[in-house]
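Structural characterization, general
Here is what each chain is made of, one letter per residue.
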Amino acid sequence: TPSAPFFHRGTGKEAINVADFMIRFLICNVSVSGIIGIFLAARRIFKNSLSSRMLYNLWFPLLMLLMVPFMPIRLIGFLQMFPWFGYSGSSPASGTATAVGEAFGTSPAGNAGWMNDFALSANSDSPSIAGYILLGIWLAGILAMTILVIKSSLRLRSLKKSALPLQNKEVRRLYDRCLEEMGIHRKIPVCSTAFLKSPIIVGLLKPCIYLPIHLISDYTLSRSARSERACITGYPNGCNESDMRYMLLHELQHYKHKDAIASYLMNFFGVLYWFNPLVWYALKEMRSDREVACDTSVLKLLSENDYEDYGDTLINFAEKISLSPFPFAAGISGSMKQMQQRIAN
């Protein structure tokens with residue numbers, strides 16, 4: 001079938017060859033890595049010309065590009081987009097080279113020279129064995145990553161079972177004001193838990209915000225007791241109303257912009273491309289841009305006089321705010337380097 005990328009044409013083979021798939025997948029990874037490198041360079045150049053939300057949204061076409069190796073269609077002209085995929089006039093020397101050429105929509109007489117060399121080096125009777133070995137390594141990595149995701153998901157499930165609906169009336173009133181301020185009419189549940197260091201929002205269809213108990217406790221302390229506790233906990237100013245408001249607004253921004261969908265996509269591609277460091281770096285930068293975009297959206301709700309207060313909140317709680325251990329959660333947390341970038345923003 002001409003439109004089936006994994007089938008040989010004119011070789012009499014009617015079954016999908018895993019060796020051809022792995023070669024195609026590796027070649028696509030080279031091109032995808034090149035595109036990521038170009039994108040990162042362009043992002044650095046135009047960083048000051050685009051809004052933080054636009055910078056974040058530009059990652060989504062790149063995510064769709066990661067689906068290219070798995071699409072059941074011929075990628076016509078895909079390689080011609082890049083100058084390093086130079087084409088020679090030699091014909092493919094093997095069925096493997098033909099399959100690779102067909103996978104990218106190239107004619108047999110116009111395959112890339114380096115692609116032919118790669119296919120030839122992996123051809124003869126041993127390439128199928130090599131293909132199966134590569135496939136086994138890739139699937140083993142996917143299995144290991146999937147186990148880690150499942151373990152994190154089970155921890156998240158335990159968190160949900162142990163969490164209690166928010167009982168603090170002051171925090172709930174503040175939360176209702178935040179919902180009204182952002183124009184959100186849906187009543188998103190808020191729970192408290194002792195198993196978190198920073199607030200997170202979890203859930204695609206049924207989102208829920210989880211607040212650490214220590215933040216709620218600090219919020220309810222009297223002003224004098226709060227100052228005394230600050231010496232013990234390390235919080236310079238405790239958790240006041242502004243701090244809690246900023247954190248709630250940040251979590252609600254994640255809900256408003258449907259960041260849960262992005263979390264699922266990033267984790268999905270992180271599992272598939274576990275071996276590609278550039279993809280992992282791109283996903284890390286995307287998460288950082290997501291938090292900066294949420295910070296900026298919160299700042300738009302505040303007056304300029306409150307900008308420094310929002311930065312102070314990140315500084316005051318930087319020691320307690322840590323990376324979320326849950327893969328599908330979004331929150332105000334981040335690495336120390338990301339926190340520095342966000343404070344500077």
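This text goes with the structure placed above it.
What counts and how
Residues numbered from 1 in each chain as written. Predicted model: local features only at pLDDT ≥ 70, side-chain atom pairs only at ≥ 80, totals over all residues. Heavy atoms only, no water. Core = buried A, V, L, I, M, F, W, Y, C linked by side-chain atoms within 4.5 Å. Buried < 20%, exposed > 50% of the residue type's maximum accessible area, 1.4 Å probe, protein only. Helix = DSSP H or I, 4+ residues; strand = E, 2+ residues; numbered from the N terminus. Contact = heavy atoms within 4.5 Å. Phe/Tyr/Trp six-rings, centres within 6.5 Å; stacked < 30°, edge-to-face > 60°. Salt bridge = Lys/Arg side-chain N within 4 Å of Asp/Glu carboxyl O.

**What about the nonpolar core?**
Counting 32 residues, the largest nonpolar core has Ile-36, Trp-59, Leu-62, Leu-66, Trp-138, Tyr-273 and Met-286 as its most contacted members. If you list the elements that add at least two residues to this core, you get helix H1 (18–45), helix H3 (59–65), helix H6 (126–162), helix H11 (259–272) and helix H12 (277–301). With 9 residues, the top contributor of residues to this core is H1. Discounting residues that sit within four places of it in the chain, Tyr-273 has contacts with Phe-25, Asn-29, Leu-66, Pro-69, Phe-70, Val-279 and Trp-280. Cys-178, Ile-184, Ile-188 and Tyr-246 belong to the second largest nonpolar core, which has 29 residues in total.

**Thoughts on the side chain of Ser-192**
Relative to the helices and strands, Ser-192 is located in strand S2 (residues 190–193). Given the relative accessible area of 14%, Ser-192 is considered buried. Dropping the residues within four chain positions of it, Ser-192 is found in contact with Ala-163, Leu-164, Pro-165, Leu-166, Leu-211, Ile-213 and Ile-216.

**Structural notes on the packing of aromatic side chains**
Counted under the stated rule, the structure contains 11 aromatic pairs. Judged by centre distance (5.7 Å) and plane angle (50°), the ring pair of Phe-25 and Tyr-273 falls under tilted. Of this pair, Phe-25 sits in helix H1 while Tyr-273 is found in the loop between H11 and H12, placing the two residues 248 residues apart along the sequence. The pair formed by Phe-25 and Tyr-273 is uniform in burial state, with each residue classed as buried. Measuring from ring centre to ring centre gives 5.3 Å for Phe-268 and Phe-269, while their planes differ by 65°; the resulting arrangement is edge-to-face. Relative accessible area serves as the criterion here: at 43%, Phe-268 is assigned to the partly exposed category.

**Here's the deal with the pattern of salt bridges**
For the structure on display, the rule yields 6 salt bridges. Across the pair Lys-187 and Asp-176 runs a salt bridge, and its minimum N-O distance is 3.5 Å. Of the two residues, Lys-187 is situated in the loop between helix H7 (169–182) and S2 and Asp-176 in helix H7; the sequence distance between them amounts to 11 residues. Residue Lys-187 is classed as exposed on the basis of its relative accessible area, which comes to 61%. With relative accessibility at 30%, the residue Asp-176 sits in the partly exposed group. Two residues, Arg-290 and Glu-291, come together in a salt bridge whose shortest N-O distance is 3.3 Å. Of the residues examined, Arg-290 reaches a relative accessible area of 6% and is grouped as buried. The exposure class of Glu-291 is buried, given its relative accessible area of 4%. One network of salt bridges, with partners in common, ties together Arg-43, Glu-285 and Asp-289.

That's the geometry; what it means functionally is another story.
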